[in-house]
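Each chain, letter by letter, is given below.
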There are 6 protein chains.
Amino acid sequence: MFLPHKILEEKLRNILREDIGQGDITTALIVPEDINTEAEIIAKESGVIAGIEEAKIFLESLELKFKASVADGEEVRRNQKLMKIFGDARTILSIERTLLNILSRMSGIATITRKLGKKIQNAGLKTKIACTRKTAPGLSYFDKKAVVIGGGDSHRLHLDDMVLIKDNHIAVAGNVKKAIEKVKKNISFSKKIEAEVTSPEDALIAAQAGADIVMLDNFSPIEVKKAIKLLERNGLRNKILIEASGGITEENMMEYAKAGVDIISLGEITDSPKALDMSLELARIALANK
Amino acid sequence: MFLPHKILEEKLRNILREDIGQGDITTALIVPEDINTEAEIIAKESGVIAGIEEAKIFLESLELKFKASVADGEEVRRNQKLMKIFGDARTILSIERTLLNILSRMSGIATITRKLGKKIQNAGLKTKIACTRKTAPGLSYFDKKAVVIGGGDSHRLHLDDMVLIKDNHIAVAGNVKKAIEKVKKNISFSKKIEAEVTSPEDALIAAQAGADIVMLDNFSPIEVKKAIKLLERNGLRNKILIEASGGITEENMMEYAKAGVDIISLGEITDSPKALDMSLELARIALANK
Amino acid sequence: MFLPHKILEEKLRNILREDIGQGDITTALIVPEDINTEAEIIAKESGVIAGIEEAKIFLESLELKFKASVADGEEVRRNQKLMKIFGDARTILSIERTLLNILSRMSGIATITRKLGKKIQNAGLKTKIACTRKTAPGLSYFDKKAVVIGGGDSHRLHLDDMVLIKDNHIAVAGNVKKAIEKVKKNISFSKKIEAEVTSPEDALIAAQAGADIVMLDNFSPIEVKKAIKLLERNGLRNKILIEASGGITEENMMEYAKAGVDIISLGEITDSPKALDMSLELARIALANK
Amino acid sequence: MFLPHKILEEKLRNILREDIGQGDITTALIVPEDINTEAEIIAKESGVIAGIEEAKIFLESLELKFKASVADGEEVRRNQKLMKIFGDARTILSIERTLLNILSRMSGIATITRKLGKKIQNAGLKTKIACTRKTAPGLSYFDKKAVVIGGGDSHRLHLDDMVLIKDNHIAVAGNVKKAIEKVKKNISFSKKIEAEVTSPEDALIAAQAGADIVMLDNFSPIEVKKAIKLLERNGLRNKILIEASGGITEENMMEYAKAGVDIISLGEITDSPKALDMSLELARIALANK
Amino acid sequence: MFLPHKILEEKLRNILREDIGQGDITTALIVPEDINTEAEIIAKESGVIAGIEEAKIFLESLELKFKASVADGEEVRRNQKLMKIFGDARTILSIERTLLNILSRMSGIATITRKLGKKIQNAGLKTKIACTRKTAPGLSYFDKKAVVIGGGDSHRLHLDDMVLIKDNHIAVAGNVKKAIEKVKKNISFSKKIEAEVTSPEDALIAAQAGADIVMLDNFSPIEVKKAIKLLERNGLRNKILIEASGGITEENMMEYAKAGVDIISLGEITDSPKALDMSLELARIALANK
Amino acid sequence: MFLPHKILEEKLRNILREDIGQGDITTALIVPEDINTEAEIIAKESGVIAGIEEAKIFLESLELKFKASVADGEEVRRNQKLMKIFGDARTILSIERTLLNILSRMSGIATITRKLGKKIQNAGLKTKIACTRKTAPGLSYFDKKAVVIGGGDSHRLHLDDMVLIKDNHIAVAGNVKKAIEKVKKNISFSKKIEAEVTSPEDALIAAQAGADIVMLDNFSPIEVKKAIKLLERNGLRNKILIEASGGITEENMMEYAKAGVDIISLGEITDSPKALDMSLELARIALANK
């Protein structure tokens, strides 16, 4: 997910625009127009950092200098300094909260993603953790980028990059077989097809009909195993990827991983992440007049 | 927080635009152009609903019919139906996730706000729960509206509606007294002044200097009581409001409430809320051709 | 009112975009692509300058160099040079009118605001001159900033930063007391409450009901005095601010000031200001090829 | 100047967006969600009305009903009702000021334009009153449309619709002859050429070089006559239009008209118009629940 | 490619906005405000129609009534009526050109796509015609949708929906094998991988390294056959798709199809299509006053 | 057509934004974050180059260095280098297609315009080639600028810069005389009037009624001559410009030129141009770490 900086800059500035309103009246009344200052962002708890690239682009676009002490994806401990910012004091104080909101949301998402991913790696498994399209409204770019930084899979970026046949589509088509056939007739060769199924039998049907990925929706770990066995018996296990989704939490996740799925997707890492606490502190009040 | 519908509609459509990309390819391949359908939104867990007004405006702006079964602020139980949607099947399926993301984030925020507020009310106290500007980036409008629906206080809506003198402003001004004096010299009569302080003594100084609200930042409950006593002794307790902020969680919140503050503000209700789980289900597949 | 430069830059560029259309055809046909030039902005009449910060941000964002000879709020005389501009000749000529329109409107507003404010100061009074939301459509930021530069009060910046209960709200609520009570039940602690009243008696009721500010709407100076006396007799004069509004002009303004109000607000300083005449002149035609 | 309604609607909504901020907090706290109301706009002084089409499009786009009692360009007297508005009470109250700001600025411009135009007509002259590009920043569409409604000429709509060679262009080109020649070599056949001149001799040169319109800049009425005579003597008077501009006011305007120019342009009708006073009054508080 | 109508409407309105400028001055001067009219769009040459859905959404969003006589993808003959439009005469005349530009570009693209596709079908082959990202700047949505309507394949919709490793990426990575390996390490499971190759040997390497699709760039038909044979010999032909691209024209296209590729992509169908000639004619001048 | 660079930059970035989606996933996976590279744009066929200014502004706004080897309007041969680009490798690769699409469309338009213009010049005629408003949807600025670079006339830039009375306007007005009279009554002095006519007689009527330009629509060359003779006989030929339009192609164009029209306008140069083939090649893979 690489965006030319100017495009990302506009996304970031839209966020600032909402918070700033007609202007920062406190800063205007207290901070003189003509001083520079230096500030630091400090982690108030340990976690995985994400949003460094965003911070850099955001700050530089506001004519502030920026020096990161950590890279995206790095683990930090409590009280660790993350970056230095230097420049116009009024600008720094008026964008502080916007910057911290971006960094702490992204870092919170990277932290939980990393944690879950490590649990699986530590068990010697290869299952991938993926997010879903359950993100904060309008923040799909930032939420999914944070997942990738945390070592997870971004899944679909929006509604146009993979076919994902869900329950409601199947309801319209009649059954999963018909839905996949309909798709295969007209789909671009550049797209994969994933189909959501609700029984091991349908998993087999979806694989036979030509799905690239089968999503086992709300399966118990036992049903997952049953579905995999069925696919294996039909010589289809290696032709498709299997995603488990629905009702999977940090607690029961390992059972799904052990059952042999390729991907586990969890809505909660992007719709309910805990923000990583950080703060911005002025390192030197007023270095000198500009 | 009343926005004319057309203004809110544009905020909502910007959210949809990110998710939709160049279009919903799955729906285009499976769902015919010319059928209407009916869908329901169902709560998958109990909580306080918020976002009903947003859902209505969003759906109607997409030429879908909408009928809510619950009102903003209402408590719902697991499996309760929240609303019915009727109209073009392609449109409904392609906006499903955007709609659910808005509703479940707002409802998640309203739910935790209501829960904390009730705890205080149940103890017979009048302390208000407030959110901060720690929101999901760019979602201040939705996050704060959800707090208000949950019975909380929206605090500042952005940087232009109240003066809030924070640690970094005080560092620039020299001390809290100087900062308040500087502000009072030029501030519009239409704005309140709040000052963040780090000791009971500074709380007194801020009140004497003319702050309307004093924010006790990272005080222990004991320090809070000390500050309040100091203000009472100086006859200033009734002239100002006292907000406790920083390091307050669901666990220790009641100690602050009992210590006698007017407002308790918590970042976590808007920067780390748990989304309320919901789903959209097609009630009838294809009612009839349009 | 401090806006990070990039945000202000976009407001300014939107203004340019309307004027420029598909491009400046005159300049394209006459001025070569590759020459720099130097220009000066000159006041054609005396007044108070506002818009220097806007000019700086606007010009620098267009890659032009800028050097101001006066600061925002400074008084200038006829023919005084306000600033020098240096850079691409085509760009300078194509943005000339947009720049002058911004500077002369803002300076016109600052000039009249300063004039009225001085009249009051010269009489030894402390009454503040405030503007209203009667601005040129969509130019609230610029109009209000110019008022502040001229020494006036910005009043509400938009509809979300103070409660202002007007005649129509009172009509809906029933009476001013009910309106204030309704507001006080749910309002954020961060906002002030102002109520518009039409009689001295209602001024008292509003103060008793807890308004922070009472706006005496279309009162004669005699009625103003009556209202103030009533508030004094009830020990409420010092607890509230009094704003006189409606029908106040440069001519009768002093009578209101002498009657003892805290704030006088006039729509005409922002909805009918006289633009301060200025012109842009090329100082050197073509300094050198770039 | 006909804009399809949806395009105009967006211009109008951008204006509303600035004023509304995060929402109208007063209206939200006082006015129930579910009531309709009826309002009237009333002129508080006599003048020429402009902005009726804008009001209609703005209000209907907000799902309010609208019935005008006057048409654009009509003269109204003090206290005359201009239009009725019916619909959601919250929406009406939150857009009141935006609507009035548009109507009173446009009507103020139409009023002064009509007044000046009539003066000329009453003297039996055919000179046209034109505005310039000196408008409120970014409001060129509205300001110029109001001039046209008042019977004036819109002049250039932006920088791409006519070549207007001004002093600075001439300075770059060397002299007015060279400037016109340069333009004529490459200009599209679809555009007229106007040249600003500072002496009767240059007026002749410009006409000979092929200008369609000559602008006599800051000429005294006597110089104007001299220029016209010179053109007549050279048989060019009927081949070109003559515009007088610069330093023309309501007071000295008739001298220019009598001197025989075709067009008189005045910056002040769009950069310093007096807004026409109006107000919105609720006709019936709450007609009925919706 | 299904976009909710409101999203598509905005794309369409942006196109109109550029053409309309400050308004349609001709229509404003000639066509009264208050008449409705009926118009027809007529094909001036035979071809495949695309853009009917766009026309419908565009016209209805402008409050015009619309009735299509043909469907997207239908073949029409010269002088065939495509649709009727009914409503405000000013609006119809001012959007005529924008509407025709959209319809004739999309139909031109659909026409050439269909023609090429039929040639292949008539030869009994299954090769698919695909477009590339060589579209008119910013018109990817419309150009690709027209290709799909013409029976072609949309290929990538933008840079985020499939990995396509091109010559420059390979140059950076070192060789095609390294490039594919680098991609496979971190790519989301939801995306396919296509690699561009310049020799039959590299085609084999790419397939072995795990590409889903191999793009034979600027191969002669003989080289194509060689590459396919090599893949067959290694048992990989059925595991991948083969796209021929570069230097393929209407003239030599069949040789590539016969050589056995799965997909032929041509830049010219979207970067150099011939617009399908159409016109809008008023069927009845003025039906009646509105 | 000169646009200040920042305004043009935004048009260019909107084009990039559509293509980039949520980001360039291929480049992100293969190209390291921290390397610079150098690239060249090379013409793959001969033609006239246009878009150099656009390329410069686009690339510099993305913080890439740029050095053109050719100027807008220059003729190039196959394999000629057009420009060098230097900077961040990821940015270069992700904007390659957008840049090439702009350059090759504009150059294609300039090439055909130049070709037609030369044909006329070579015959010793002065007729001008003009484009129409038949452009790619929303690309009027780029298409018309390319025509001008190719030596053609831009015609109207949008609907507000000249009155062009077309068949449908005449149908509404009754006849061409009435239409012109209606326009002349209210039109701004700054605008020309062109009228489309369908017979030599109407050409005369239009000229007599005061049109500045007469457009002979779908005339045969013989009818054109008849119309010109009629105008000459009435002493009006020199008072107006004559444009031939409709059904004119590269093949029959010279007959119209020879018939004596001033302007020949062709839709096909902007609605059906052949893109000039170009490619971007990395000159040095990775110059050095940044």
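Preceding block: the structure.
Conventions we followed
Residues numbered from 1 in each chain as written. Chains lettered and ligands numbered in written order. Predicted model: local features only at pLDDT ≥ 70, side-chain atom pairs only at ≥ 80, totals over all residues. Heavy atoms only, no water. Helix = DSSP H or I, 4+ residues; strand = E, 2+ residues; numbered from the N terminus. Buried < 20%, exposed > 50% of the residue type's maximum accessible area, 1.4 Å probe, protein only. Contact = heavy atoms within 4.5 Å. Buried area = accessible area lost by both parts, 1.4 Å probe. Salt bridge = Lys/Arg side-chain N within 4 Å of Asp/Glu carboxyl O. Polar contact = N/O pair within 3.5 Å; in protein donor to acceptor, adjacent residues only side chain to side chain. Nonpolar A, V, L, I, M, F, W, Y, C, P; charged D, E, K, R; others polar. Pairing = 2+ DSSP bridges. Right-handed = clockwise from strand over helix to strand, strands pointing away.

### Here we look at the side chain of Ser154(D)
Line of reasoning, step 1. Tracing the sequence through the fold places Ser154(D) in the loop between α5 (140–149) and β7 (163–165).
Line of reasoning, step 2. Residue Ser154(D) is classed as buried on the basis of its relative accessible area of 8%.
Line of reasoning, step 3. Excluding anything up to four places from it in sequence, Ser154(D) contacts Cys131(D), Lys144(D), Val148(D) and Ser188(F).

### Notes on the interface of chain E and chain F
Line of reasoning, step 1. Every contact between the two is made by 63 residues of chain E and, on the other side, 63 residues of chain F.
Line of reasoning, step 2. Across the interface of chain E and chain F, roughly 5,200 Å² is buried in total on both sides, 59% from carbon and sulfur atoms.
Line of reasoning, step 3. If you look at where chain E meets chain F, you find four salt bridges.
Line of reasoning, step 4. A salt bridge links Arg133(E) to Asp19(F), with the nearest nitrogen and oxygen atoms 2.6 Å apart.
Line of reasoning, step 5. There are 35 residue pairs in polar contact (both at pLDDT 80 or more) connecting chain E and chain F.
Line of reasoning, step 6. Counting only elements with at least two residues in the side of chain E that touches chain F, the list comes to α1 (5–20), α2 (25–30), α4 (89–122), α5 (140–149), β7 (163–165), α6 (167–173), α7 (176–186) and β12 (278–289) of chain E.
Line of reasoning, step 7. For the side of chain E that touches chain F, the per-class residue count stands at 30 nonpolar, 15 polar and 18 charged.

### With respect to the pairing of strand β10 (residues 241–245) of chain F
Residues and elements named next belong to chain F.
Line of reasoning, step 1. Of all five residues that make up β10, four are buried, and the element is covered over most of its length.
Line of reasoning, step 2. Relative to β10, strand β9 (residues 213–217) runs parallel, the two being bridged by five bridges. Paired with Ile213 across the strands is Leu241, a residue of β10.
Line of reasoning, step 3. Read as a crossover between parallel neighbours, the route from β9 over helix α9 (residues 221–233) to β10 is right-handed.
Line of reasoning, step 4. In the sheet, β10 pairs with strand β11 (residues 263–265) via three bridges, with the strands oriented parallel. When the bridges of β11 are listed, Ala244 appears paired with Ile264.
Line of reasoning, step 5. After leaving β10, the chain enters helix α10 (residues 253–259) and then returns to the sheet as β11, a path that is right-handed.

### A word on the environment of Glu45(A)
All names here are of chain A.
Line of reasoning, step 1. Assignment of secondary structure puts Glu45 in the loop between β1 (36–43) and β2 (47–48).
Line of reasoning, step 2. Taking relative accessible area as the criterion, Glu45 reaches 24% and is therefore assigned partly exposed.
Line of reasoning, step 3. C-alpha of Glu45 to C-alpha of Arg77: the two residues are 32 residues apart in sequence and 6.3 Å apart in space.
Line of reasoning, step 4. Once you skip the residues sitting within four places of it in the chain, Glu45 turns out to touch Val76, Arg77, Arg78, Lys274, Ala275, Leu276 and Asp277.

### Things to note about the pairing of strand β8 (residues 193–197) of chain C
For a regular strand, the rule is simple: side chains alternate between the two faces of the sheet.
All names here are of chain C.
Line of reasoning, step 1. The buried count for β8 comes to five of five residues, which makes it a mostly enclosed element.
Line of reasoning, step 2. Residues Ile193, Ala195 and Val197 point to one face of β8 and Glu194 and Glu196 to the other, with burial holding for every one of them.
Line of reasoning, step 3. The pairing of strand β7 (residues 163–165) with β8 spans three bridges and is classified as parallel. Paired with Leu164 across the two strands is Glu194, which belongs to β8.
Line of reasoning, step 4. Strand direction decides the pairing type here: β8 and strand β9 (residues 213–217), joined by four bridges, are parallel. Along β9, the bridge assignment pairs Glu194 with Ile213.

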